[in-house]
Amino acid sequence: MEGENHKTKAVNLLRSRICDPKFIFNDSHSPDTNYSKLKFMISTSVTEACNNSILLLGPRGSGKNAVLELVIQDLFQQYPDSISVIRLNGLLHCDDIAAFKEIARQLCMEHQLLFSKAASFDDNSQFMVAMLKECGLAHKTVIFVLDEFDLFAQGKQRLLYSLLDAMQSITSQAVVVGISCRLDSDQLLEKRVRSRFSHRKLLFKPPSMEDSQRLLMNVLTLPIDSSFPHDYVLQFNGKVQNIIQDGRFKETLSKYLNVDSTVKHLLRFLFCAVSHMDLQTGFLSQENFEIAFSSIQRQPKLECIKNCSILELYILVCMKRLEVKEQSSYNFNSVMKEYKSIHDSFQTSDYYARNVCLRAFEHLLYRELICFTDNRGHSLSVEFRPVKLLISSAELHQGLGAFHSCPAILQKLMDREG
Amino acid sequence: MQVNYMDKDESPQIPRRMTRSSASSSASTSNNVLAAKVNSFEPLTIDDLLVGGNATSLNDIISNFPGRSNQILEIVRLLGPLNSPMLPLFVYGGSSTGKTSIILQLFRHLNRPLVYSSCRTCYNQRILFESILNQLLLHRKDASNGYSNAKRCDRPSDFVNFLREALTNVVNNLKEKSRKFSNKMTHGGIGNMIYLVFDNFQLVREWDKSSTVLPLLFNLYDLLKMPEVGLIFISSTSPDTFYSNMGYVEPIPVYFTDYTECDIRQILLKNQVNQKLYSSFLDVALLPLCRITRQIGELSTSLKPLYEKYCEPLTDKGAVPNEDMKRRLFSHFKPHVASSLSETFKVSSLPSAEVETCKEKKWKGNPKRLQQSEEMGDLDFHMSTSAKYLLISAFLASRNPATLDASLFDSKGGSDNRKRKRKPSMKVMEQKESLEEELLMKGPGTFPLERLLAVFQCIVSVADEPSDEEEQNDDGLGIHGGNGGLVSDVLLQLSSLCNANLILKGRSCPIEGSTRYRATISEDLALKVARSLKFPLSKYLYRR
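Residues numbered from 1 in each chain as written. Chains lettered and ligands numbered in written order. Predicted model: local features only at pLDDT ≥ 70, side-chain atom pairs only at ≥ 80, totals over all residues. Heavy atoms only, no water.

K.L.:
Would you explain the overall build of chain A in this entry?
P.N.:
Secondary structure assignment for chain A yields 21 helices and seven strands. Expressed as a percentage of its 418 residues, the buried residues of chain A come to 54%. Of the contacts formed within chain A by residues at least 6 apart in sequence, a portion of 71% connects residues at least 24 apart. A total accessible area of about 18,600 Å² is found for chain A, and carbon and sulfur atoms account for 52% of it. (Helix = DSSP H or I, 4+ residues; strand = E, 2+ residues; numbered from the N terminus. Buried < 20%, exposed > 50% of the residue type's maximum accessible area, 1.4 Å probe, protein only. Contact = heavy atoms within 4.5 Å. Areas by Shrake-Rupley, 256 points an atom, 1.4 Å probe, with all protein chains shown as cover.)

K.L.:
Quick question: what am I supposed to make of the confidence of the model for chain B here?
P.N.:
Residues and elements named next belong to chain B. Of the residues in chain B, 74% have a pLDDT of 70 or more, and the chain-wide mean is 75. A low-confidence stretch, residues 348-376 stays under pLDDT 50, and its non-local contacts, those more than four residues away or across chains, total 16 contacts. Segment residues 413-421 is flagged for pLDDT under 50; beyond a separation of four residues in sequence, or across chains, it makes nine contacts in the model. (pLDDT = per-residue confidence, 0-100.)

K.L.:
It is not clear to me how helix 4 (residues 64-78) of chain A should be interpreted in this structure. Could you clarify?
P.N.:
Residues spaced three or four apart along an α-helix point in a common direction, a consequence of the helix completing one turn every 3.6 residues. Residues and elements named next belong to chain A. Compared with the 21 Å implied by 1.5 Å per residue over 15 residues, the 21 Å span of helix 4 between its first and last C-alpha is a close match. Listed in full, the buried residues belonging to helix 4 are Lys64, Ala66, Val67, Leu68, Glu69, Leu70, Val71, Ile72, Asp74 and Leu75. Of the surrounding elements, those touching the buried residues of helix 4 are helix 2 (21-24), helix 3 (34-47), strand 1 (52-57), strand 2 (83-89), strand 3 (141-147) and strand 4 (174-180). (Expected span 1.5 Å × (residues − 1).)

K.L.:
Is there a simple way to think about the packing of helix 12 (residues 275-292) of chain B against helix 14 (residues 323-341) of chain B in this case?
P.N.:
For any two helices packed against each other, one specifies the inter-axial angle together with the distance between the axes. All names here are of chain B. Where helix 12 meets helix 14, the closest approach of the two axes is 11 Å, and the angle between their N-to-C directions is 25°. The orientation of helix 12 relative to helix 14 falls into the category roughly parallel. Classified by chirality, the crossing of helix 14 by helix 12 is right-handed. In contact with Leu277, Ser280, Phe281, Val284, Ala285, Pro288, Leu289 and Ile292 of helix 12, helix 14 contributes Lys326, Leu329, Phe330, Phe333, Val337, Ser340 and Leu341. (Axes fitted to C-alpha atoms, helices over the stretch in contact; angles between N-to-C directions. Parallel < 35°, antiparallel > 145°, perpendicular 65-115°, else oblique. Left-handed = near helix turned anticlockwise from the far one by under 90°.)

K.L.:
Would you explain the pairing of strand 1 of chain A in this entry?
P.N.:
Here is the key point about a regular strand: its side chains alternate between the two faces of the sheet. All names here are of chain A. Most of strand 1 is tucked away, with six of its six residues classed as buried. Of the two faces of strand 1, the one carrying Asn52, Ile54 and Leu56 and the one carrying Ser53, Leu55 and Leu57 are both buried. Taken together, the four bridges between strand 1 and strand 5 (residues 200-203) define a ladder with parallel strand orientation. In the strand pairing of strand 5, Ile54 is matched with Arg200. (Pairing = 2+ DSSP bridges.)

K.L.:
Any chance you could explain the interface of chain A and chain B here in plain terms?
P.N.:
How big an interface is tends to be expressed through the accessible area that disappears when the partners come together. On the side of chain B, 67 residues touch chain A, which itself brings 65 residues to the contact. Across the chain A/chain B interface, buried area totals approximately 5,600 Å², and carbon plus sulfur atoms make up 55% of it. For the pair chain A and chain B, the interface holds seven salt bridges. A salt bridge links Asp240 of chain B to Lys301 of chain A, with the nearest nitrogen and oxygen atoms 3.8 Å apart. (Buried area = accessible area lost by both parts, 1.4 Å probe. Salt bridge = Lys/Arg side-chain N within 4 Å of Asp/Glu carboxyl O.)

K.L.:
What am I meant to see in the sheet that holds strand 2 of chain A here?
P.N.:
Whether parallel or antiparallel, the strands of a sheet pair through hydrogen bonds between backbone atoms. All names here are of chain A. Read from one edge to the other, the open sheet built from five strands follows the order 2-3-4-1-5, with strand pairing classed as parallel. Of all strands in the sheet, those with a lone pairing partner are strand 2 and strand 5, marking the two edges. Strand after strand, the sheet turns through a mean of 20° between neighbouring axes, direction not considered. Here strand 1 runs beside strand 4; their pairing, made up of six bridges, is parallel. What sits directly across from Leu55, in strand 4, is Gly178. Contacting strand 1, strand 2, strand 3 and strand 4, helix 4 crosses the sheet at an angle of about 160° to strand 2.

K.L.:
Please clarify how the packing of helix 6 (residues 96-110) of chain A against helix 7 (residues 121-137) of chain A should be interpreted in this entry.
P.N.:
All names here are of chain A. In the contact formed by helix 6 and helix 7, the axes pass within 9 Å of each other and the chain directions differ by 45°. Viewed along their axes, helix 6 and helix 7 adopt a mutual orientation that is oblique. The crossing of helix 6 and helix 7 is left-handed. Contact residues: helix 6 offers Asp96, Ile97, Phe100, Lys101, Ile103, Ala104, Leu107 and Cys108, while helix 7 offers Phe121, Asn124, Ser125, Phe127, Met128 and Met131. Looking at the contact of helix 6 with helix 7 residue by residue, the classes come out as ten nonpolar, two polar and two charged. (Nonpolar A, V, L, I, M, F, W, Y, C, P; charged D, E, K, R; others polar.)

K.L.:
Sorry if this is basic, but what is going on with the nonpolar core here?
P.N.:
Side chains of nonpolar character tend, in soluble globular proteins, to be buried together. By size, the foremost hydrophobic cluster in this structure holds 138 residues, and its most contacted members are Ile42 and Leu220 of chain A together with Ile194, Phe198, Phe201 and Ile232 of chain B. Those residues within four positions of Ile194 of chain B in sequence are excluded, and the remaining contacts are Leu49, Pro113, Val115, Leu136, Leu167, Val170, Val171, Leu174, Glu228, Val229 and Gly230 of chain B. Of all hydrophobic cores here, the second largest spans 68 residues; its members include Leu311 and Tyr314 of chain A together with Leu306 and Tyr310 of chain B. (Core = buried A, V, L, I, M, F, W, Y, C linked by side-chain atoms within 4.5 Å.)

K.L.:
What is the right way to read the pairing of strand 3 of chain A from this model?
P.N.:
Residue and element names in this part refer to chain A. Counting buried residues along strand 3, seven of its seven residues qualify, which places the element largely inside the surrounding structure. Burial along strand 3 is two-sided: Thr141, Ile143, Val145 and Asp147 and Val142, Phe144 and Leu146, pointing in opposite directions, are all buried. The pairing of strand 2 with strand 3 spans seven bridges and is parallel. Bridge pairing in strand 3 places Ser84 opposite Val142. Note: strand 3 against strand 4, five bridges, orientation parallel. By the bridge assignment, Val145 is partnered in strand 4 with Val177.

K.L.:
Whenever I open this one, the sheet that holds strand 5 (residues 252-256) of chain B confuses me. Can you help?
P.N.:
Residue and element names in this part refer to chain B. Reading across from one edge, 2-3-4-1-5 is the order of the five strands in this open sheet, with parallel pairing throughout. Looking along the sheet, the strands with just one partner apiece sit at the ends: strand 2 (114-118) and strand 5. On average, each strand axis in the sheet is tilted by 15° relative to the strand beside it, whichever way the strands run. Bridge count between strand 2 and strand 3 (residues 194-199): five bridges; the pairing is parallel. In the strand pairing of strand 3, Ser117 is matched with Phe198.

K.L.:
Where do I start with the packing of aromatic side chains in this structure?
P.N.:
One pair of aromatic rings is described through two measures. These are the centre distance and the angle between the planes. Applying the stated criterion across every chain yields a total of 34 aromatic pairs over all chains. Seen in terms of ring centroids, Phe129 of chain B and Phe159 of chain B are 3.9 Å apart; in terms of plane orientation they differ by 10°. Their pairing is stacked. Here Phe129 of chain B, found in helix 7 (residues 125-136), pairs with Phe159 of chain B, found in helix 8 (residues 156-184); they are 30 residues apart in sequence, far enough to count as distant. No difference in accessibility class separates Phe129 of chain B from Phe159 of chain B, as the two residues are buried. Here a set of aromatic residues connected by ring pairs shows up, and it is made of Phe90, Tyr92, Phe198, Phe201, Phe218, Phe233, Phe242 and Tyr255 of chain B. The ring of Phe228 of chain A has Lys9 of chain A lying over it, and the distance from NZ or CZ to the ring centre is 5.3 Å. Positioned above the aromatic ring of Tyr259 of chain B is the side chain of Arg68 of chain B, whose terminal nitrogen or guanidinium carbon lies 4.4 Å from the ring centre. (Phe/Tyr/Trp six-rings, centres within 6.5 Å; stacked < 30°, edge-to-face > 60°. Lys NZ or Arg CZ within 6 Å of the ring centre and 35° of its normal.)

K.L.:
I tried to follow unusual backbone geometry on my own but got confused; where do I start?
P.N.:
For residues other than glycine, phi is negative in most cases, and the peptide bonds are mostly trans. All names here are of chain B. The backbone phi angle of Tyr147 is positive, close to 50°, even though this residue is not glycine. You can see Tyr147 is positioned in the loop between helix 7 and helix 8. For Tyr147, a relative accessible area of 57% gives the class exposed. We note that Lys534 has phi near 60°; this positive angle belongs to a residue other than glycine.

K.L.:
Just to check I follow, could you spell out the pattern of salt bridges for this structure?
P.N.:
Once their charged atoms are close, side chains differing in charge can pair, the charge on each being opposite to the other. Under the counting rule described, the total for this entry stands at 28 salt bridges over all chains. Note that Lys264 of chain A and Asp222 of chain B form a salt bridge whose closest N and O atoms lie 3.8 Å from each other. Pair noted here: Lys264 of chain A is in helix 14 (residues 263-275) and Asp222 of chain B is in helix 10 (residues 220-224), and the two residues belong to different chains. Assessed through its relative accessible area of 30%, Asp222 of chain B is described here as partly exposed. Where salt bridges share partners, they join Glu312 and Arg367 of chain A together with Asp258 of chain B into one cluster.

Laid out in structure tokens, this is it:
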């Protein structure tokens, strides 16, 4: 009972570490990290009571948000009374009305004021300017966090303009932090906005291979304290060390990170591996990582071809033949014509009635191996709407090869034309 | 068709449909409990977020779903032990591969709270948001609150605020509960994780013209920043069909493959009375059908009547077949397989018993005719005679070029004396081919109402004139009494044909301003209809 308990506890600990971005990005405190730079920028503008605007740029899952959260958390501890944070997200508040409303709501929450839902756009924007002035007078820095910054740059950019314009006055004291995965976000800004923006940018780069390995070590080793039995921890950490040092593992890891080397991507992999950990033994093993790798790196289209029935494969091959013939557009009827001609010349055993083929054709549409070329012809029935293949002929070829009972004639037809 | 199969396949305690609907409407417990709850207006508690019913063991679930043990174990592992946080999951696989049932059964087994919402029943973003919030806020729509929602919420921003609030509440409740629980017992708590399940997620792509909902839901985990919330997306299409230029951190994929033939066999065998007999039936029937489709729902519908055919020669359906009997049954059964391969599925308008007797009668009446050809000749639905004529005229108007109407109908039966005089040259042949190609590609043409009425009047007048074909006059059309009556009657028929989807009504043409129609019926069906009227359709059909 007790033994089971600490093993599940170990899994829980690892999983909560992986799901907690603050833990993942916490280890970097050397002076040239983004964390230190960002902290320096924001804390100077808090202490020197000036305005500032910063862009955090980097691919998705590289920890922009997490680092900012860490910085804000630290600043809250240092200057508990002189910061308030307003968080906006481009996905939610990209239209100006919603954005100002949200700002007003959060400001009201911060300062224990009554928030009126009925307040108009004008009211809200004036309220914001007034609040900024008040906060400036009280030497309180308002930090605006604009996640998905590029989405705020759509349309008239009224929010950005009024925010940055309000910051031009001497009394106000605010920091705007934009977070975006578009590296050209600052180019999206209008001239009047850009001129008011102080162009500080922090670039978040994916970690190097060495950093990734250090991160792995950091995440996967258990702490040596009273919460786990001492020898279990030692054994566990030893095994983890062995796995990470292993050549085969390194190969898998680099294959995985070649696709996308951001931290979040790595964490998905770790999550899978940790959840495959055997609770009987209670240790991570090389196989866990192998399984995780194969279950995350999927080839959906090939899997899809593997699920097709023979008739569906025939239709795919017919369509591919039509594409090779460079027929500009084709529909079910022309596919059927091709199907019939194949049957006529090879006398296959799989020749089915038209309605049966139509159903198979609809299955293919449903599987999204093929699709209609346009969305216009809704008034036409399925047979007449032009279609196209969503898989390349190489994929189809590979899929047919992997299919366990693919008729030889289909292979032949593929080889002949392709 | 799916329902049939589901009932068969599902574990006996709860039919899945009920679980689904109850889960999506009020996330309540099993059927009888649900009924009781609706009657007595007890407030919902947090326990109502659990999937109700008797707890099943993991082994039961695995044996209930043949061929799914890998997926079941994988999901269990990814969900992890009690109270362990989770990255979002993306469960995908073809239709009727058991995605939803397995998830719901697993949650019942694990006894953890979940909020289930299907993007099919919650068909737009507002309804989806409100359904999730209703469940989380333990709100039940009933007469006392005028069937209103707990929150009105249209915008994503409001949704996320409400959701965060509601989730925090629920999670706090759960924590409170598990703290109390842990004092009493060490095992069996419901934990403090809450899971949001989005079923039929592939449909979201279609309501997402402004492309905000999809990125929102995919980024929900990062937006909420609550480790106690687990997200599960269930979709019938693979993750690569969701890519947008917005981007998101991909969820963890879990793939449900289609059933292999071996699995299908096991599933079909599961609820059969006479396993041996059915298995010998599957030996002969399953393989050819599997070449066409491997969807279990479709297979089970087409296998059901076949099995009846297979058993026909048997007097005792409980008999265990031996080799000799198998051979006998097979030889009797063989022709039926071939015919079933060429039909998809059939819904007859008559109740099945009636159809049987009907067939019987016809069988006796003209024993020489094969059953197949008899089915071919008959229409299996009823239509008034004028509707049939209207349908034929719509078909003609769709197929024939408008310029030929005059020559086809003026000289009556004109088409057949308009023979080609000389051998067609190469150029003409080519032209013909390209025209054929065009017909294949473009489909039936459109026509205005006036043309339809003109063709209708022509063919009706042709049909009315006494000809060598007998009882032509019995097709009383009642159109002699003035044109006004005709038009209104025909318009009524036309609209009912449109409703039956035999004729499509297009948008009005921007230049002419009149509505255009298009006949969707195939030539076979048109010929059948014509035959039932004894109308010489082929005479009027322009062959290119």
